[in-house]
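Descriptive structure summary
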Amino acid sequence: MSLIKVKLFDTPYAMKDNKKINFPFMKAEALFYYLVVNKHATRDELVSLFWGESTEKTAKKNLRNAMYKIRKAFDMNIIISPQKSTVMLNPDIELESDLESLLNKDTECSNVYLDEFLKGFGVKNAEEFEKWLFDKREYYRYTYISKLFDLIDRSLNRKDYAEAVNYAKLIISKDEFDERPYRILMNIYKEQGIYSKAIELYDRLKKILKKELGITPDVKTKEIIDEIMKIYKAKEIFNEKTSYDLFFGREKEIAFLKKNFDSFLKNEKYSSVLIRGEAGIGKTKLKDKFKELIGKEDIYIFETNCYQAEKPYFLKPWNEVFSQLSEIVVKDNIDIPLTWRKMISYLFPIFDREHLIDNKNPVEVLDTLKLSVIEEAIHGVFKKIMQKRKVVLIFEDIQWIDDLSLSFLSNIILRNNNIILISTCRNGNYEEIDRFMTMLKAYNLLEIIEIRRFTQNEVEKFIHQYLKGRKIKNKIKEKIYKATEGNTFFLIEYLNMIKEKNDFENIISPKMKDILKSKFLDISDEGKKILNIASMFFDKVTLNTIKDLSGKNELEIIEIMEALQNKYIINEIDGEEISYRFTHQKLREYVYTSLTLAKRRILHNKIGNNILKTLKNDKRDVSIYPKLIYHYSNSGNTFGTLKYTIKYLDIYLDIKHELFPIIGYVDFDEPNLKNMSKKKVLKYFSDIETLFTRLKETKKDNKEIIELRIAYLHIKGRYLIREGEYEEGKKNIEEMINESISIESFKYALKGYRQNIYYGIQVHDIEFMKGNVEKGLDIACKQDLKEDIAIFLRLKGLNRIMMEKYREAEVLLKESIRTFNSIDTDSGKYSLNIAACYNYIGEIRRHNMQFSKALVYYDKAMRICEKKKLLRGLTIFNTNAGQAAFEKGDYERAKGYVERAIEIYARIDTLWGRSTAEGFLALIKSKEGKYNCALDHLKKAQYYSEKLKSPLEIGIVYRVKAEIKANMINNEDLKKKFSKYLELPLNEYCDIGIKYLREAKEGYEIEILNTLRK
């Protein structure tokens, strides 16, 4: 007789004589499982379950067909119908199922209920069956858990705690929100005296309930933990130090730190502190001991780590500080102005907890700001926080800090008396850190604590204290000293190795690598796999990441991690997510370097692909790109490394030459040219070109690679142009345009043309600008790109102004305004472009010497900017209005405009028109008799005009010089102040000015200079 076996828990299947049955369709299989559970059913019942939507005739026909197919699949009469209305399984056939085993009182249910009832099984268009399936799943899960509770009771009665713990953990794996098994485990741990494990378990439960359900543990659970905590404290377990917690020596250092900190609290003379020493010497231990000793009620502590892998990237250590800072702001209800929060969120997206940066509605985005302005906002935030409490900043491994982060840190320490820095630093030659230390020491703001190796005498005392009085021969102590050379980390690891072997006589002096190796000898294979994954991360790894990469469930991982924590290899880190990191970088490095290159590459690539899923596709991704680059570069994934290096560099060199950008695509002057040295930028370019070469060796060019090269050429080209290397920059932009057109990537081609146009405006190359305008407009029209058509119409209008074709220019500008208005459905997205068009119409009126009419258009442009809170356009609009008012003879009004322009120039990073504003203010101040102020503004005007290299602005500065020189003839005081600066004859200033203004095709200003010449 054949034996039928049916598995209903986990993925279901049926077998006949150990051969799997293949059912012809899902409803036939579902019908069979239904009969296995219920033994029999009426035909009407089955019809309703599976074919409730069909007519009665069709449904019954489908049922007959299904029964026939089941019989055929088993090749036996497994389903019978003794009565016409009833269907049942043939009782003469031997059938076993795991369901019977679960329901059997004597069966060990933990081996039966491997997963939920009919896991992953479902039937389309059978709503009644799905309801039945849902109910049964819940019922059998409840039955299984109830049986487990019964088994726990039996185990506890027999005092078989190991078995009870196993059953309780099984319940948690099926329902992590049920507090009963947690209470059972906590009581067992209490009974066994493992109080720390009970406390850890409670903390984990608390985190899960808070994160997933937003609730706290039940009163009964709290009562148990309160009782455990009382016993724990009574036995002084909190004060009982493990061998790893031993703090030995360093009494002078601790005494200094404590005394210095007390002075800080009392507003007396104090210093920031840098703790310096070799790896493993005890810098972090000293810092942690200091943290234990200081009261935390009256201070805020912000702590961060600097990592070698993150040194090439900007402001990474500050991300963690601003994450903690944002929590404090919310928790303590500190009022931070919205503008500050927006500014800081651009540099530190993690500060944007309230999602202030709305990429979909970009009208609220602030205009391009200087880094110094954002820095002022940061100082403002710290001052607000320090009104509540003093601040302790802790920077670990400061030798790996990037230049910009160090600059921020220096400024914050120099400008605030209520901040103290505690930092750790490895020995070595770190130029930036040396300069940082020298500067702070010059102001008596820094003390350096040198941590040295223990002497032989100190090592002997350490051994005595560490081994709690065990008698060790002097020869053995000497061997230990020689093996470890007094390095604390290796001393502890060596002593632990000896303790584990329990052999204090036959000690071999091992190499340092062997000391580390011994620490990992008795770790399980599963533990080693988890450590391999953790070693891929230079900072920390989250529980969810380990889960994704290892395929294990959370409970399994936590148990493995607890074992690793007990061996003091891994620490759990507090935070929103459960995270882990190695207790010491030496341990991570050992595990990492022990892996084969192939294994490391595979893991790094998997991690990189995992991180990809977290990208939000906006500027917040800048904090994620360095991690992607790190993992992809270490995995040998050249394409991934290249792609995200270019994206990262693009954000940090996002130099918009666009005078009037589309709102939402404007950028902050994130740590770019001023703070990122040219040498460093060129190193990035060199690295990117190396990656392209490497990619070429392994991959043929495809569209994706060409697009990457286009993006890179754009970044490099505009950077070189900004740096004044025009020919090389133009060459890159030209190559970018050609590549873009070759793959029909017209959006990129238009970007290139625009970049060329901005260069043309900058150096006043009208013909070069005209050619690029025409080509760009032609592509935009052919591709029907309305936004680009409107932009290129505006730029064409500007070009015609520069060519003195004013009527044609006005027609083009008005057409541009109409086009922008027709597509502006995004609440003013193009308002800055529209304002620019009105400004250019104002320029047409000014060139025609209709100064009052010009001012009407300038004011209209400024109203648009002020309404949308846009700074960028206000610089050039106020400058132009100031010049028009000056020409009209309204000097007071002119002064108001140019002073407003200069005030905004100080806040944003643009040179356009700046020399003109400074020049006209110099003229106005000279007329007011404020000669020192006038000279200062004239010098600035010359500096900015030379930096921009615009013939127009250079010409205007010479016009200003000529006017002041002319006024010196009849004004002795003016002559006295300016004679050394304006040494050339008046005619020379006029001639030079005329030369540049002719090049810029300026009209009436040339006539002014011609008049002055006479």
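What counts as what
- Residues numbered from 1 in each chain as written.
- Predicted model: local features only at pLDDT ≥ 70, side-chain atom pairs only at ≥ 80, totals over all residues.
- Heavy atoms only, no water.
- Helix = DSSP H or I, 4+ residues; strand = E, 2+ residues; numbered from the N terminus.
- Buried < 20%, exposed > 50% of the residue type's maximum accessible area, 1.4 Å probe, protein only.
- Contact = heavy atoms within 4.5 Å.
- Lys, Arg positive; Asp, Glu negative; His and termini not counted.
- Charge placed at Lys NZ, Arg CZ, Asp CG, Glu CD.
- Domains from an automatic or database assignment.
- Buried area = accessible area lost by both parts, 1.4 Å probe.
- Salt bridge = Lys/Arg side-chain N within 4 Å of Asp/Glu carboxyl O.
- Polar contact = N/O pair within 3.5 Å; in protein donor to acceptor, adjacent residues only side chain to side chain.
- Nonpolar A, V, L, I, M, F, W, Y, C, P; charged D, E, K, R; others polar.
- Pairing = 2+ DSSP bridges.
- Axes fitted to C-alpha atoms, helices over the stretch in contact; angles between N-to-C directions.
- 1 Å grid on protein atoms, 1.4 Å probe; cavity = no way out; pocket = protein on both sides within 12 Å on 5 of 7 lines; lining within 4 Å.
- Points joined across faces, edges and corners; volume = space filled by probe spheres on them.
- Phe/Tyr/Trp six-rings, centres within 6.5 Å; stacked < 30°, edge-to-face > 60°.
- Lys NZ or Arg CZ within 6 Å of the ring centre and 35° of its normal.
- Parallel < 35°, antiparallel > 145°, perpendicular 65-115°, else oblique.
- Expected span 1.5 Å × (residues − 1).
- Arc of directions from axis to C-beta.

1. Quick word on the overall build of the protein
- Helix and strand counts for the protein come out as 44 helices and 15 strands.
- Each of the three principal axes of the protein carries a C-alpha extent, and together these read 125 × 95 × 55 Å.
- A buried classification covers 55% of the 1014 residues belonging to the protein.
- Here the contacts in the protein between residues at least 6 apart in sequence split such that 68% fall between residues at least 24 apart.
- Within the protein, one finds 177 positive and 154 negative side-chain charges whose respective centroids are separated by 1 Å.

2. Observations concerning the domain arrangement of the protein
- What the domain assignment lists for the protein is domain 1 (4–138), domain 2 (250–452), domain 3 (457–518) and domain 4 (525–595).
- Spacing between the C-alpha centres of domain 2 and domain 4 amounts to 27 Å.
- Taken together, the contacts link 9 residues of domain 2 with 8 residues of domain 4.
- Counting each side, the surface lost to burial between domain 2 and domain 4 is near 650 Å², with a carbon and sulfur contribution of 49%.
- Inspection of the region where domain 2 meets domain 4 yields 0 salt bridges.
- Summed over the shared surface of domain 2 and domain 4, the number is 0 residue pairs in polar contact (both at pLDDT 80 or more).
- The class makeup of the residues in the side of domain 2 that touches domain 4 is 3 nonpolar, 2 polar and 4 charged.

3. Overview of unusual backbone geometry
- For Asn18, which is not glycine, the phi torsion reads 65° and is therefore positive.
- Relative to the elements of secondary structure, Asn18 occurs in the loop between strand E2 (13–16) and strand E3 (19–20).
- Classification of Asn18 as exposed rests on a relative accessible area of 59%.
- Positive phi outside glycine occurs at Asn267, with the angle close to 60°.
- Its location among the elements puts Asn267 in the loop between helix H10 (251–265) and strand E8 (272–277).
- Looking at Asn267, the relative accessible area reads 61%, which means it is exposed.

4. Concerning the sheet that holds strand E12 (residues 446–450)
- One open sheet accounts for 5 strands, arranged E9-E10-E11-E8-E12; its pairing is parallel. In this open sheet, the two edge strands, each paired with only one partner strand, are strand E9 (299–305) and E12. Across the sheet, the mean angle separating the axes of adjacent strands is 15° when strand polarity is ignored.
- With 5 bridges connecting them, E8 and E12 associate as parallel partners.

5. Quick look at empty space enclosed by the protein
- All chains considered together, the criterion is met by 5 cavities of 30 Å³ or more.
- Leu798, Glu843, Ile876, Asn880 and Leu952 are, among the 27 residues lining the largest cavity, the residues nearest its centre.
- Residue contributions to the lining of the largest cavity peak at 5 residues, all from helix H35 (residues 831–847).
- Residue composition of the lining of the largest cavity, grouped by class: 13 nonpolar, 9 polar and 5 charged.
- Looking at the second largest cavity, its volume works out to about 110 Å³.

6. Quick notes on the packing of aromatic side chains
- Following the criterion strictly, the structure yields 50 aromatic pairs and no others.
- Sitting over the ring of Tyr592, Arg600 keeps its end group 4.8 Å from the ring centre.
- A cation sits over an aromatic face here: Lys995 above Tyr996, 4.7 Å from the ring centre.

7. Points about the pairing of E2
- Relative to E2, strand E1 (residues 3–7) runs antiparallel, the two being bridged by 4 bridges. Along E2, the bridge assignment pairs Lys5 with Met15.
- Joining the antiparallel neighbours E1 and E2 is a turn of 5 residues, in which Asp10 adopts a positive phi near 75°.
- The pairing of E2 with E3 spans 2 bridges and is antiparallel. Residue Lys16 lies in a different strand from E3, and its bridge partner there is Lys19.

8. A few points about the side chain of Lys147
- Summarising the element assignment, Lys147 is placed in helix H5 (residues 127–157).
- Buried Lys147, no salt bridge; nearest opposite-charge side chain is Asp150, N-O distance 7.6 Å.
- There is a polar contact of 2.6 Å between the side chain of Lys147 and the backbone oxygen of Leu102.

9. Comments concerning the sheet that holds E1
- If you walk across this open sheet you meet the 4 strands as E3-E2-E1-E7, and the pairing is mixed. Edge positions in the open sheet fall to E3 and strand E7 (94–97), since each of these has one partner strand only.

10. Comments concerning the pairing of strand E14 (residues 570–573)
- Bridge count for E14 against strand E15 (residues 579–582) is 4 bridges, and the pairing is antiparallel. Its bridge partner being in E15, Ile573 is matched across the sheet by Ser579.
- In this structure, the hairpin formed by E14 and E15 is closed by a connection of 5 residues.

11. Comments concerning the packing of helix H12 (residues 316–331) against helix H15 (residues 403–415)
- The geometry of H12 relative to H15 is characterised by a closest axis approach of 8 Å and an angle of 50° between their N-to-C directions. Of the possible angle classes, the one that applies to H12 and H15 is oblique. Packed against H12, whose contacting residues are Lys316, Pro317 and Trp318, the element H15 presents Ser405, Phe408, Leu409 and Ile412 at the interface.
- Of the residues belonging to the contact of H12 with H15, the class tally is 5 nonpolar, 1 polar and 1 charged.

12. Looking at the pattern of salt bridges
- According to the stated counting rule, one finds 60 salt bridges in the structure shown.
- Between Glu227 and Lys190 there is a salt bridge, and its shortest N-O distance comes to 3.0 Å. In this pair, Glu227 is assigned in helix H9 (residues 219–234) and Lys190 in helix H7 (residues 179–192), connecting sequence segments 37 residues apart.
- One salt bridge in this structure joins Glu278 and Arg453, with 2.4 Å as the shortest N-O distance. One end of the pair, Glu278, is in the loop between E8 and helix H11 (283–293); the other, Arg453, is in the loop between E12 and helix H17 (456–466), with 175 residues separating them in the sequence.

13. Things to note about the side chain of Arg341
- Residue placement: Arg341 occurs in helix H13 (residues 338–347).
- Owing to a relative accessible area of 19%, Arg341 belongs among the buried residues under this scheme.
- Of note is the side chain of Arg341, whose polar atom sits 3.0 Å from the backbone oxygen of Ile336.

14. Examining helix H25 (residues 597–612)
- If you check H25, its first and last C-alpha atoms are 23 Å apart, about what 16 residues at 1.5 Å a residue would give, namely 22 Å.
- Listed as buried for H25 are Arg600, Leu603, His604, Ile607, Gly608, Asn610 and Ile611. Buried residues of H25 fall within an arc of 160° about the axis and therefore sit on the same side. Across H25 from its buried face, at more than 90 degrees, point the exposed residues Ala598 and Ile602.
- Check the buried side of H25 and you find it contacts helix H21 (525–534), helix H22 (543–550), helix H24 (585–594) and helix H26 (625–635).

15. Looking at the environment of Glu375
- Position of Glu375 among the secondary structure elements: in helix H14 (residues 371–386).
- Glu375 sits 33 residues away from Phe408 along the chain, and the two C-alpha atoms are 7.7 Å apart.
- Not counting residues up to four positions away in its chain, the partners in contact with Glu375 are Phe408 and Asn411.

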